Amino acid sequence: MTIAMTERAIAAAKPLKDKVSVITGSTSGIGLGIARALAAAGSAVVLNGFGAPEEIKATQASIGAEFGVPVAFSGADMTKPEQIAEMVQTAIDMFGSLDVLVNNAGIQHVAPLQEFPVAKWDAIIAIDLSSAFHTTRLALPSMIAKKWGRIINIASAHGLVGSPFKAAYVAAKHGMLGLTKVTALETAEMGITCNAICPGYVYTPLVEAQIDGQAKAHGIPREKVIRDVLLAQQPNKRFATTDELGAIAVFLATDAASSITGAALPVDGGWTAH
Ligand code: NAD
């Protein structure tokens, strides 16, 4: 193998070598899957979210050991613009730039509109939508200076269609797609792309708990809960995995996706094809 061939092989295996990624809400679920995938692709990562400090430290250590990249953590609360600013500034001070921003933090609450708690509406809009506005406006100067950047917004199938009792979540996720389009248009000539991923049901510990809970509550087998309750809207009748979401995020961050911007990519087993 020549040196040039070796360098090409390393570039192919680690397409995000020398990049710095911040992933909001990455102490569990989809965000953690995406952080692991970005680290596997060679990026330094800044984790964010809530959780037991010793578990977060263990996650940092295991990602660092497995993929040989620096792994930092910010406990910034995505409802607090000043904490978001501190997280972005610390990442830039620590690593010199912020190249890949993944807006993933999100919460849900289910209630009829007339009973929807105002505090829950405010929290969902703040975490699932406004935090992405803050991280984006704060990360853009670093991306513009480098003439390269990737912003990946984790929306939902609920960014494309509605469901009853999820007013705040559906409104926030539809808003996320609007923010994605405007960000893409404003940065189109700057080497920066902004896209949204719209997952249907993804298998996470939270979903596993729901399967067991519903099976016990209704006295029906797990398989029936999965097929007829949770995946009632999802034609392929399988959960996406956090690994699949990670691989899609890595693809959007690579040069192969340079011309994809302003898109909302459904990852929903056909849900929104109805
Ligand atoms: P999760 O509950 O496993 O993870 C949410 C993460 O956000 C955690 O790390 C949590 O600590 C963090 N977080 C919550 N509030 C925060 C705050 N105020 N500040 C900072 N971090 C905060 O959820 P998940 O299922 O992995 O969902 C991640 C994203 O994917 C969300 O935006 C969600 O809407 C979206 N999504 C999930 C599914 C699914 O089936 N799981 C489907 C579509 C979209």
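Position numbers for residues start from 1 in each chain and track the written sequence from start to end. Local features in this predicted model are restricted to residues of pLDDT 70 or higher, and side-chain atom pairs are both shown and tallied only at a pLDDT of 80 or more, whereas totals for entire chains, interfaces and linings draw on every residue. Water and hydrogen atoms play no part in the side-chain values, which are based on all heavy atoms of the structure.

With that out of the way, let us pick up the nonpolar core. Put simply, a nonpolar core is a bunch of buried Ala, Val, Leu, Ile, Met, Phe, Trp, Tyr and Cys residues held in one set by side-chain atoms that sit within 4.5 Å of each other. For every residue, the accessible area obtained with a 1.4 Å probe (protein chains only) is divided by the maximum for its type, and the residue is called buried under 20%, exposed over 50%, and partly exposed between those limits. Ranked by internal contacts, the top residues of the largest apolar core, which has 30 residues, are Ile34, Leu38, Val102 and Ile152. Where helices and strands are cited, they refer to DSSP runs of H or I of at least four residues and of E of at least two residues respectively, numbered from the N terminus. Where this core is concerned, the elements lending two or more residues are helix H2 (29-40), strand E2 (44-48), helix H3 (53-67), strand E4 (100-103), strand E5 (149-154) and helix H9 (242-253). No other element matches H2, which puts 6 residues into this core. Between two residues, a contact is recorded if the distance between any of their heavy atoms is within 4.5 Å. If sequence neighbours within four positions are ignored, leucine 38 has contacts with Leu16, Ser21, Ile23, Ser43, Val45, Val100, Val102, Val250 and Ala253.

Before going further, it helps to spend a moment on the domain arrangement of the protein. What fixes the domain bounds is an automatic or database domain assignment. For the protein, the domain assignment lists domain 1 (10-202 + 240-266) and domain 2 (204-239). On a C-alpha basis, the centres of domain 1 and domain 2 stand 27 Å from each other. Contacts between the two partners involve 9 residues from domain 1 and, on the opposite side, 8 residues from domain 2. A simple way to read buried area is as the amount of 1.4 Å-probe accessible surface that goes missing from two parts once joined, with both sides added. Note on domain 1 versus domain 2: buried area summed over both sides is about 670 Å², and carbon and sulfur give 55% of it. When the area that domain 1 buries against domain 2 is broken down by residue, the three leading residues are Tyr201, Val202 and Ala240, summing to 69%. Note on definitions: salt bridges are taken to be side-chain nitrogens of Lys or Arg within 4 Å of carboxyl oxygens of Asp or Glu. At the junction of domain 1 and domain 2, the tally comes to 1 salt bridge. One salt bridge in this structure joins glutamate 244 and arginine 238, with 2.6 Å as the shortest N-O distance. When residues of the side of domain 1 that touches domain 2 are traced back to their parent elements, those giving at least two are H2, strand E8 (240-241) and H9. Across the side of domain 1 that touches domain 2, the residue classes tally to 4 nonpolar, 4 polar and 1 charged. Note on residue classes: Ala, Val, Leu, Ile, Met, Phe, Trp, Tyr, Cys and Pro are nonpolar, Asp, Glu, Lys and Arg are charged, and everything else, Gly too, is polar.

With that settled, consider the layout of surface pockets. Each cavity reported here is a set of points on a 1 Å grid over the protein atoms alone in which a 1.4 Å probe fits but cannot get out, each pocket an open set with protein on both sides within 12 Å along at least five of seven lines, and each lining residue one with an atom within 4 Å of a point. Grid points are joined across faces, edges and corners, and a volume is the space filled by probe spheres set on the points. The volume enclosed by the largest pocket comes to roughly 1,400 Å³. In terms of lining, the largest pocket is formed by 44 residues, of which the most central are Gly106, Ile107, Gln108, Tyr169 and Leu206. The leading source of residues in the lining of the largest pocket is helix H7 (residues 205-218), at 5 residues. Built from parts of two domains, the lining of the largest pocket gets at least three residues from each of domain 1 (10-202 + 240-266) and domain 2 (204-239).

A fitted line through C-alpha atoms represents every axis, and for helices the fit uses only the stretch in contact; the resulting angles, taken between N-to-C directions, go from 0 to 180 degrees. The N-to-C vectors of H7 and helix H8 (residues 222-230) enclose an angle of 105°; their axes lie 9 Å apart at closest approach. In this view, H7 runs roughly perpendicular relative to H8, as classed from their interaxial angle. Together, Val207, Glu208, Gln210, Ile211, Asp212, Gln214 and Ala215 of H7 and Arg222, Val225, Ile226, Val229 and Leu230 of H8 make up the contact between the two elements. Here the residues of the contact of H7 with H8 are counted per class, giving 7 nonpolar, 2 polar and 3 charged. The cut-offs work like this: below 35 degrees is roughly parallel, past 145 is roughly antiparallel, 65 to 115 is roughly perpendicular, and the gaps in between are oblique.

This part takes up the pairing of strand E6 (residues 192-199). Within E6, 8 of the 8 residues are buried, which leaves the element mostly enclosed by the surrounding structure. Summarising the sheet, E5 and E6 pair through 6 bridges and their orientation is parallel. Across the sheet, residue asparagine 153 finds its bridge partner in E6, namely alanine 196. The definition of a right-handed crossover adopted here requires that, viewed with the strands pointing away, the path from the first strand over the helix to the second runs clockwise. On the question of chirality, the crossover connecting E5 to the parallel E6 by way of helix H6 (residues 167-187) is right-handed. Relative to strand E9 (residues 264-267), E6 runs parallel, the two being bridged by 4 bridges. Bridge assignment links proline 199 to a residue of E9, and that residue is valine 267. Between any two strands, pairing holds if DSSP finds at least two bridges.

What follows covers the site of the ligand. Among the 27 residues in the neighbourhood of the ligand, the closest are listed as Thr27, Ser28, Ile30, Asn104 and Tyr169. Side-chain atoms alone can form a polar contact between residues adjacent in sequence; in general such a contact is a pair of N or O atoms within 3.5 Å, and within protein one must be able to donate a hydrogen while the other accepts it. Note that an oxygen atom of the ligand is positioned 2.7 Å from one of the side-chain N or O atoms of serine 28. In the environment of the ligand, an oxygen atom lies 2.9 Å from a nitrogen or oxygen atom belonging to the side chain of lysine 173. In these tables, accessible area is a Shrake-Rupley quantity obtained with a 1.4 Å probe, and a residue counts as shielded only by the protein chains included in the view. For the ligand, the protein covers 88% of the area, taking 830 Å² as the surface of the free molecule. When atom positions are compared with the pocket grids, the ligand is found to occupy the largest pocket. Of all the secondary structure elements, the ones that give two or more residues to the shell around the ligand are H2 and H6. Of the residues that constitute the shell around the ligand, the class distribution is 13 nonpolar, 12 polar and 2 charged. One heavy atom within 4 Å of a molecule or strand makes the whole residue count as near it. Should more than half of a molecule's atoms lie within 2 Å of a pocket's or cavity's grid points, that molecule is taken to sit in it.

Bringing the sheet that holds E4 into the picture now. Reading across from one edge, E3-E2-E1-E4-E5-E6-E9 is the order of the 7 strands in this open sheet, with parallel pairing throughout. The strands lining the two open edges of the sheet, one partner per strand, are strand E3 (71-74) and E9. For this sheet the average axis-to-axis angle between neighbouring strands, irrespective of direction, equals 20°. In the packing of helix H4 (residues 81-95) onto the sheet, contacts are made with strand E1 (20-23), E2 and E3, and the angle to E2 comes to roughly 155°. Its contacts with the sheet place H6 against E4, E5, E6 and E9, and it is angled at close to 160° to E6.

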